[in-house]
Amino acid sequence: MYDKILVPLDGSAMAEVALPYAEELAGRLGSEVIITYVAASPQEPAYRERESYIQEKVEAIKRGADKYLEGKKEKAVKVEPAILKGDPAEEIVNYADKANIGLIVMATHGLSGIKRWALGSVADKVVRAARQPVALIRGQNGQPGVRARGMLNKITVPLDGSKESEAVIPYIEDLASKLKAEVTLLLTVAQVYYVYPAVEGAFQIPYTEEEMEPVKANAEEYLKKIAARLKDRNIEAKHKVTVGDAAEEIIRIADETHTDLVAMSTHGRSGISRWAFGSVAGKVLQGGNTPLLLVRVSEAPV
């Protein structure tokens, strides 16, 4: 599932925040890494310099991944460059399909001349168009000390009770079982209110904690079943139910548990609410401090 990892760069330091993650994944999973740069044309200014730059990053990834191999040189990580030409988002997506890429790892910010990679630009377009899971690494205000601390020891997986939100589970099963990562399943239930009509409109009174217990109990039972599935694969799995706004709770729990990665599907339904990139996932990326792995529902393995 993660045999090949694609890491797009644009020559900026901000885009390079994805590299430590690629190093660790490659070293611990034995994945092949392809470092790519998308040029407008071979006549682009500094084209040759970009070739040299990408080759330098290839060698750096090889060295960085070695520390995860525990001296087993026969399992040396394969890292290759790929210089593409054209529109960045289109070329990244097309190459990922042609090269059978299993995971795209990229920063959400970066600068390349007058072009800007940002949520809503290249990264956004890749997430919307790519069939593969995309790991988005925050280019600013991300977690420090990634190289020293390691990346994927703790994974938080938000669910909403729908089959769509569960699309991420097979990807996490594969990842966590190989990395021996701890998984926390999180379900946030919305606060329930009594609604009373009034002369100037309705007013609401929230359920008490005691009245919310049956709602939380149903969520607990649901998460226990998912956790049991993970434990059957020898994955350390915990579960947690909270009450409130989904995005806010995901961010809070990720911070409190010092999670290394939040993994979720880009769509899901829970009652009348809809998870979508630009909604819960977008809020988590924009407001959180943790890398985000997004899996498209339609491309989930069966």
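Here the structure is a predicted model, which is why all the values come from computation and not from measurement. (Residues numbered from 1 in each chain as written. Predicted model: local features only at pLDDT ≥ 70, side-chain atom pairs only at ≥ 80, totals over all residues. Heavy atoms only, no water.)

Trainee: Pulling in residues and values, what's your account of the pattern of salt bridges?
Mentor: Under the counting rule described, the total for this entry stands at 14 salt bridges. We note a salt bridge from arginine 131 to aspartate 97, for which the minimum N-O separation is 3.2 Å. With a gap of 34 residues between them, arginine 131 in the loop between helix H4 (122-129) and strand S7 (134-137) and aspartate 97 in helix H3 (residues 88-98) connect regions that are remote in the sequence. A salt bridge links glutamate 256 to arginine 252; its shortest N-O distance comes to 3.0 Å. Taken together, the residues glutamate 256 and arginine 252, both in helix H8 (residues 246-256) and four residues apart, mark about one turn of the helix. (Salt bridge = Lys/Arg side-chain N within 4 Å of Asp/Glu carboxyl O. Helix = DSSP H or I, 4+ residues; strand = E, 2+ residues; numbered from the N terminus.)

Trainee: Describe the nonpolar core, with residues and values.
Mentor: By size, the foremost hydrophobic cluster in this structure holds 59 residues, and its most contacted members are Val7, Ile35, Val105 and Leu185. For this core, the element with the highest residue contribution is helix H7 (residues 209-231), accounting for seven residues. Ignoring any residue separated from it by four or fewer positions in sequence, one finds leucine 185 in contact with Val157, Leu159, Ile169, Leu223, Ile226, Ala227, Leu230, Lys238, His239 and Lys240. Counting 34 residues, the second largest nonpolar core, distinct from the first, contains Val38, Leu84, Val134 and Val284. (Core = buried A, V, L, I, M, F, W, Y, C linked by side-chain atoms within 4.5 Å. Buried < 20%, exposed > 50% of the residue type's maximum accessible area, 1.4 Å probe, protein only. Contact = heavy atoms within 4.5 Å.)

Trainee: Residue-level account of H8, with values.
Mentor: Spacing of three or four residues puts side chains on the same side of an α-helix, whose turn is 3.6 residues. All of the buried residues in H8 are Ala246, Ala247, Glu249, Ile250, Ile251, Ile253 and Ala254. Residues of H8 that are buried sit in contact with strand S8 (154-159), strand S9 (182-189), strand S12 (237-243), strand S13 (261-265) and helix H9 (280-287). Put simply, aspartate 245 is the residue that caps the front of H8, since its side-chain oxygen is 3.3 Å from the backbone nitrogen of alanine 247. Following H8 by one or two positions, histidine 258 has its phi on the positive side, about 55 degrees. (Polar contact = N/O pair within 3.5 Å; in protein donor to acceptor, adjacent residues only side chain to side chain.)

Trainee: With reference to specific residues and values, describe the packing of aromatic side chains.
Mentor: Counted according to the given criterion, the structure contains three aromatic pairs. Between the aromatic rings of tyrosine 196 and phenylalanine 203, the centroid separation amounts to 5.5 Å while the plane-to-plane angle is 25 degrees, which identifies the pairing as stacked. When its relative accessible area of 35% is taken as the criterion, tyrosine 196 is described as partly exposed. Through a chain of ring-to-ring contacts, the aromatic side chains of Tyr194, Tyr196, Phe203 and Tyr207 assemble into a single cluster. (Phe/Tyr/Trp six-rings, centres within 6.5 Å; stacked < 30°, edge-to-face > 60°.)

Trainee: With reference to specific residues and values, describe the pairing of S13.
Mentor: Of all the five residues making up S13, five are buried; the element is thus mostly covered by neighbouring parts of the structure. With burial as the criterion, each face of S13 is covered, one bearing Leu261, Ala263 and Ser265 and the other bearing Val262 and Met264. When S8 meets S13, the two strands line up parallel, connected through two bridges. When the sheet's bridge partners are listed, threonine 156 is paired in S13 with valine 262. The sheet contact formed by S13 and strand S16 (residues 292-295) spans four bridges and is parallel. Considered in S16, the bridge of alanine 263 is made with leucine 293. (Pairing = 2+ DSSP bridges.)

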